[in-house]
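A look at the structure
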Amino acid sequence: MHHIYHTPGFVLASAPSGEANCLLAVFTRDLGMVRATASGTRLLKSKLRYSLQDFSYCDLALVRGEGGWRVTGASLRSNIFESLRSEPELLRVFGRALALVVRLCVGEEKNGALFAYLEEAANFAAERARQAAAGRGLPRDFVRNFEYIVVLRVLASLGYLGDSPESAAFVASPYFNDDLLADMAAHSVRILSEINRSIKESQL
């Protein structure tokens with residue numbers, strides 16, 4: 001009998017597998033990056049279908065057998081796509097950030113810092129999207145500064161960022177606030193250069 005692992009996780013990407021299954025790339029809090037099969041989720045009658053869409057944040061039940069990881073249960077917490085659909089530019093930021101995680105996260109290894117970064121970024125962005133929908137709007141350069149911070153944190157948590165004093169303040173904690181975004185505006189040119197250099201040096 002296989003042990004069932006229960007952990008929250010983000011569905012980063014999916015691909016069809018067989019007639020009705022999906023192969024998921026899921027970044028979990030307790031297991032790190034997991035590539036798992038979800039059986040029957042492309043069927044309209046599937047109970048897991050709506051909890052395992054791309055960009056979903058959910059509670060997962062996983063088992064590991066001879067053929068690899070398999071999802072046996074999922075309960076949706078939130079869906080980043082739905083939270084940010086009113087702010088397409090912000091949604092594209094998350095698409096690029098999650099694609100970067102898939103690209104750089106090699107092997108299964110727990111990474112609590114990266115999970116916290118993604119969780120806080122999703123919560124902060126969803127709140128700002130709600131405020132914008134209520135008529136408050138997003139501050140000028142918000143999307144650019146937010147993206148630079150998210151990408152810096154992904155790179156730092158995976159060991160691809162150097163120890164530049166300029167970037168240190170942006171990766172010191174997973175939390176966001178207006179002062180942090182304003183500080184990024186003052187350093188954006190140098191930070192972008194550091195991001196591009198780190199990604200290039202990763203060779204991935």
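Residues numbered from 1 in each chain as written. Predicted model: local features only at pLDDT ≥ 70, side-chain atom pairs only at ≥ 80, totals over all residues. Heavy atoms only, no water.

With their axes 12 Å apart at the nearest point, helix α2 (residues 88-104) and helix α3 (residues 112-133) run at an angle of 170° to one another. For the element pair α2 / α3, the angle class is roughly antiparallel. Seen from α2, the contacting residues are Leu90, Phe94, Leu98 and Val101; seen from α3, they are Leu114, Leu118, Ala121, Ala122 and Ala125. Class assignment for the residues of the contact of α2 with α3 results in nine nonpolar, no polar and no charged. (Axes fitted to C-alpha atoms, helices over the stretch in contact; angles between N-to-C directions. Helix = DSSP H or I, 4+ residues; strand = E, 2+ residues; numbered from the N terminus. Parallel < 35°, antiparallel > 145°, perpendicular 65-115°, else oblique. Contact = heavy atoms within 4.5 Å. Nonpolar A, V, L, I, M, F, W, Y, C, P; charged D, E, K, R; others polar.)

Phe27, Val101 and Phe146 are the most contacted members of the largest nonpolar core, which totals 48 residues. Here the element with the most residues in this core is helix α4 (residues 142-157); it accounts for ten residues. Once residues within four sequence positions are removed from consideration, Val101 is found in contact with Leu12, Phe27, Met33, Leu114, Leu118 and Val154. Core analysis: the next-biggest nonpolar cluster, separate from the first, contains 15 residues, Leu31, Ala36, Ala38 and Leu60 among them. (Core = buried A, V, L, I, M, F, W, Y, C linked by side-chain atoms within 4.5 Å. Buried < 20%, exposed > 50% of the residue type's maximum accessible area, 1.4 Å probe, protein only.)

A few words on the confidence of the model for the chain. Mean pLDDT over the chain works out to 90, with 99% of the residues at or above the 70 mark. Within the chain, helix α5 (residues 165-171) has the poorest average pLDDT of any element, 89, and α4 the best, 95. (pLDDT = per-residue confidence, 0-100.)

Turning next to the side chain of Thr7. Residue position: Thr7 is located in strand β1 (residues 4-17). Among the polar contacts listed, one links the side chain of Thr7 to the backbone nitrogen of Arg29, at a separation of 3.5 Å. Reaching out from Thr7, the side chain makes a polar contact with the side chain of Asp30 at a distance of 3.1 Å. Thr7 has contacts with Thr28, Arg29, Asp30, Leu31, Cys58, Asp59, Leu60 and Leu62, leaving out every residue within four places of it along the chain. (Polar contact = N/O pair within 3.5 Å; in protein donor to acceptor, adjacent residues only side chain to side chain.)

So, on to the pairing of strand β4 (residues 56-65). Taken across its ten residues, β4 has seven buried, putting it largely inside the fold. Pairing of β1 with β4, which is carried by seven bridges, proceeds in the antiparallel orientation. In the strand pairing of β4, Ile4 is matched with Val63. The sheet contact formed by β4 and strand β5 (residues 68-79) spans ten bridges and is antiparallel. Its bridge partner being in β5, Leu62 is matched across the sheet by Val71. Where β4 hands over to β5, the hairpin turn is made up of two residues, counted between the paired strands. (Pairing = 2+ DSSP bridges.)

What follows deals with the sheet that holds strand β3 (residues 32-38). Pairing is mixed in the closed barrel, where five strands are placed in the order β1-β2-β3-β5-β4. Across this sheet, the average inter-strand angle for adjacent strands is 50°, counted without regard to direction. When β3 meets β5, the two strands line up parallel, connected through three bridges. Of the residues in β5, the one forming a bridge with Ala36 is Trp69. Lying on the sheet, α3 is in contact with β1, β2 (21-28), β4 and β5; it crosses β1 at an angle near 75°.

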